[in-house]
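An overview of the molecular structure
Okay, here's what each chain looks like letter by letter:
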Amino acid sequence: MAGLTSDSPTPRSLTVHGQSRVLEVVFSDGAEFRIPFELMRIYSPSAEVQGHGPGQEVLQTGKRNVDLAGLEPVGNYAVQPTFSDGHDTGIFSWDYLYFLGSQQTQLWADYERRLKAAGVERDAPMPEKAGHACGH
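These lines cover the structure that appears in this document, whether it is placed above or below.

What follows is about helix α4 (residues 104-118). Given a rise of 1.5 Å per residue, 15 residues ought to cover 21 Å, and the 21 Å separating the end C-alpha atoms of α4 matches this to within 8%. Along α4, the positions that sit buried rather than exposed are Q104, L107, W108, Y111 and L115. Take α4 and look down its axis: the buried residues cluster within an arc of 100°, on one side only. With respect to the buried face of α4, the exposed residues turned more than 90 degrees away are T105, K116 and A117. Residues of α4 that are buried sit in contact with β3 (32-36), α1 (37-42) and α3 (94-102). Taken from the residues just after α4, G119 is the one with a positive phi, measuring 70°.

Glancing now at the pattern of salt bridges. Where charged atoms of side chains with opposite charge meet at close range, the side chains can pair. Following the criterion strictly, the structure yields 6 salt bridges and no others. Put simply, R41 and D85 hold a salt bridge, and the shortest N to O gap is 2.8 Å. In this pair, R41 sits in helix α1 while D85 sits in the loop between β5 (78-83) and β6 (92-93), placing the two residues 44 residues apart along the sequence. Assessed through its relative accessible area of 3%, R41 is described here as buried. Its relative accessible area of 34% is what places D85 among the partly exposed residues.

Each value, and the rule that gives it
Residues numbered from 1 in each chain as written. Predicted model: local features only at pLDDT ≥ 70, side-chain atom pairs only at ≥ 80, totals over all residues. Heavy atoms only, no water. Helix = DSSP H or I, 4+ residues; strand = E, 2+ residues; numbered from the N terminus. Expected span 1.5 Å × (residues − 1). Buried < 20%, exposed > 50% of the residue type's maximum accessible area, 1.4 Å probe, protein only. Arc of directions from axis to C-beta. Contact = heavy atoms within 4.5 Å. Salt bridge = Lys/Arg side-chain N within 4 Å of Asp/Glu carboxyl O.

Written as structure tokens, this is what we have:
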């Protein structure tokens with residue numbers, strides 16, 4: 001398996017822990033992370049979550065109890081999870097999983113800050129999606 005760059009750590013093992021809702025990843029450099037499914041879901045690299053540019057991110061709420069319904073390999077560089085809420089468009093490269101695992105404390109703090117700034121609770125349901133109009 002390869003990372004996105006030649007010197008990137010690569011996973012030696014991926015273990016889905018359904019009961020505790022974490023993905024355990026052991027990397028080739030010895031780093032081991034337990035990444036909560038909720039963290040993966042709220043920071044999904046998909047356009048649905050990240051938008052198509054800076055400032056277009058969609059704040060995710062109500063994901064505390066999200067489960068991992070599936071985890072498929074993508075080439076030799078990533079996995080694509082399917083979450084219990086139906087979200088399945090994020091491709092998590094090895095580098096991105098390493099980032100999520102190594103930066104968990106900061107990512108949770110950023111998420112709490114964004115929730116507070118938006119005036120919403122972590123467990124609030126996501127608003128209904130608007131139609132896919134072209135803006136006419």
